[in-house]
Amino acid sequence: MSDRTLRFPTGSFLAGLPPKACSALLALGTLREYDPDTVLLHEGDSSTHAFLLLNGCVKITGTTPDGQLALLAIRVGGDLVGELAAMDGQPRIATATTAGRVRARIVAQAEFRRFLTETPEVALAASSNVAVKLRWATRRRIDFGSREVRVRLARVLVELSASYGIPAGPDVELGVSLSQPELAALVGAAEPTVHRALALLRREAIVETGYRSLRIRDRLRLAAVADG
């Protein structure tokens, strides 16, 4: 299957573009394949290229004030990674590391900027994409200090399923392969606490879990939990 015929998750950046624009964007840069645990971008460095993820999963991490590593987000096929530095030329604000094998197109800043200038609809989509990420980060920061873990967990699951969910009959597969430690890091709570919150959602038949997989069985009740 060629890059231009790949199907991307509904909520991803590439899936939201018109087919012609998506095809043109996928013609940019150079195709690369990366092994698991490869650092694509380092927090604080001055590189300015961007990545278009074709498949696989990338973890976005940052360093907390006390020197700990925090999992900030997950990116999958169809997502842009590193576009902020490509757009403004400032140092990287996070580290991006592959979680499993990843195929991506690496696009130089000059080529990326030129494409955005020539295709305003993609430039607008890229700006909106940055805004979505900012809103996600802001909600996580507010939730971490003001909401109980069960509510924070439900909100993360609702947002991940909205971006990457795969319909499975009346259910929704999360569409992102996460371990429980990774999910706990996204929620911003200790793993045992998140494990208990997840177990409660299972007992209530709201979710079903497997090895690095999660299925939402009752979206309305999950949304109600997320509302707090």
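The shown structure was predicted, so the numbers you read here are calculated from the model rather than taken from an experiment.

On to the sheet that holds strand S10 (residues 171-173), then. Within the open sheet, the four strands sit side by side as S9-S10-S12-S11. Their pairing is antiparallel. At either end of the open sheet lies a strand with only one pairing partner, and these are strand S9 (166-168) and strand S11 (207-210). Direction aside, the axes of adjacent strands within the sheet are offset by 25° on average. Looking at chain direction, S10 and strand S12 (residues 213-216) are connected through two bridges and run antiparallel. Residue pairing in the sheet places valine 172 in a bridge with isoleucine 216 of S12.

A word on the packing of helix H5 (residues 149-164) against helix H7 (residues 191-203). Put simply, H5 and H7 touch, their axes get as near as 9 Å, and they point 70° apart. Judged by the inter-axis angle, H5 sits roughly perpendicular to H7. From H5, Val149, Arg150, Leu153 and Leu157 reach across to H7, where they touch Thr193, Val194, Ala197, Leu198, Leu200 and Leu201. Its residues placed into classes, the contact of H5 with H7 shows eight nonpolar, one polar and one charged.

As a rule of thumb, soluble globular proteins bury nonpolar side chains together. Phe51, Ile74, Leu153, Leu157, Leu160 and Leu186 are the most contacted members of the largest nonpolar core, which has 46 residues in total. If one sorts the elements of this core by residue count, H5 sits on top with seven residues. Residues within four places of leucine 153 in sequence aside, it is in contact with Leu183, Val187, Val194, Ala197, Leu198 and Leu201. Core analysis: the next-biggest nonpolar cluster, separate from the first, contains 20 residues, Phe8, Phe112, Leu116 and Val122 among them.

Looking now at the sheet that holds strand S7 (residues 95-98). The four strands lie next to each other as S2-S7-S4-S5, forming an open sheet whose pairing is antiparallel. Edge strands, defined here as strands with exactly one partner in the open sheet, are strand S2 (39-41) and strand S5 (69-76). Adjacent strand axes in the sheet meet at a mean angle of 30°, parallel and antiparallel pairs treated alike. Pairing of S2 with S7 involves two bridges; the strand directions are antiparallel. Across the sheet, residue valine 39 finds its bridge partner in S7, namely threonine 97. Across the face of the sheet, helix H6 (residues 180-187) comes into contact with strand S4 (57-63) and S5 while running at roughly 105° to S5.

What follows covers H5. Compared with the 22 Å implied by 1.5 Å per residue over 16 residues, the 22 Å span of H5 between its first and last C-alpha is a close match. Of all the 16 residues making up H5, twelve are buried; the element is thus mostly covered by neighbouring parts of the structure.

This paragraph deals with the packing of aromatic side chains. Across all of its chains, the model carries one aromatic pair by this definition. Here tyrosine 34 and phenylalanine 51 contribute two aromatic rings whose centre-to-centre distance is 6.0 Å and whose plane-to-plane angle is 75°, an arrangement assigned as edge-to-face. Placement of tyrosine 34 in strand S1 (residues 30-34) and of phenylalanine 51 in strand S3 (residues 50-55) is noted, with a sequence separation of 17 residues between them. A relative accessible area of 13% means that tyrosine 34 is categorised as buried.

Close contact between H6 and H7 brings their axes to 9 Å; oriented N to C, the two are set at 100°. As far as their axial angle goes, H7 and H6 are roughly perpendicular. Here H6 contributes Gln180, Pro181, Leu183, Ala184 and Val187 to the contact with H7, which in turn contributes Glu191, Val194, His195, Leu198 and Arg202. Split by residue class, the contact of H6 with H7 holds six nonpolar, two polar and two charged.

Relative to the elements of secondary structure, leucine 222 occurs in helix H8 (residues 219-226). Its relative accessible area of 1% is what places leucine 222 among the buried residues. Considered as a pair, leucine 222 and valine 207 are 15 residues apart in the sequence and their alpha carbons are 8.3 Å apart. If we ignore the near neighbours within four places in the chain, the residues touching leucine 222 are Ala154, Leu157, Val158, Leu201, Ile206 and Ile216.

The rules behind the values
Residues numbered from 1 in each chain as written. Predicted model: local features only at pLDDT ≥ 70, side-chain atom pairs only at ≥ 80, totals over all residues. Heavy atoms only, no water. Pairing = 2+ DSSP bridges. Helix = DSSP H or I, 4+ residues; strand = E, 2+ residues; numbered from the N terminus. Axes fitted to C-alpha atoms, helices over the stretch in contact; angles between N-to-C directions. Parallel < 35°, antiparallel > 145°, perpendicular 65-115°, else oblique. Contact = heavy atoms within 4.5 Å. Nonpolar A, V, L, I, M, F, W, Y, C, P; charged D, E, K, R; others polar. Core = buried A, V, L, I, M, F, W, Y, C linked by side-chain atoms within 4.5 Å. Buried < 20%, exposed > 50% of the residue type's maximum accessible area, 1.4 Å probe, protein only. Expected span 1.5 Å × (residues − 1). Phe/Tyr/Trp six-rings, centres within 6.5 Å; stacked < 30°, edge-to-face > 60°.

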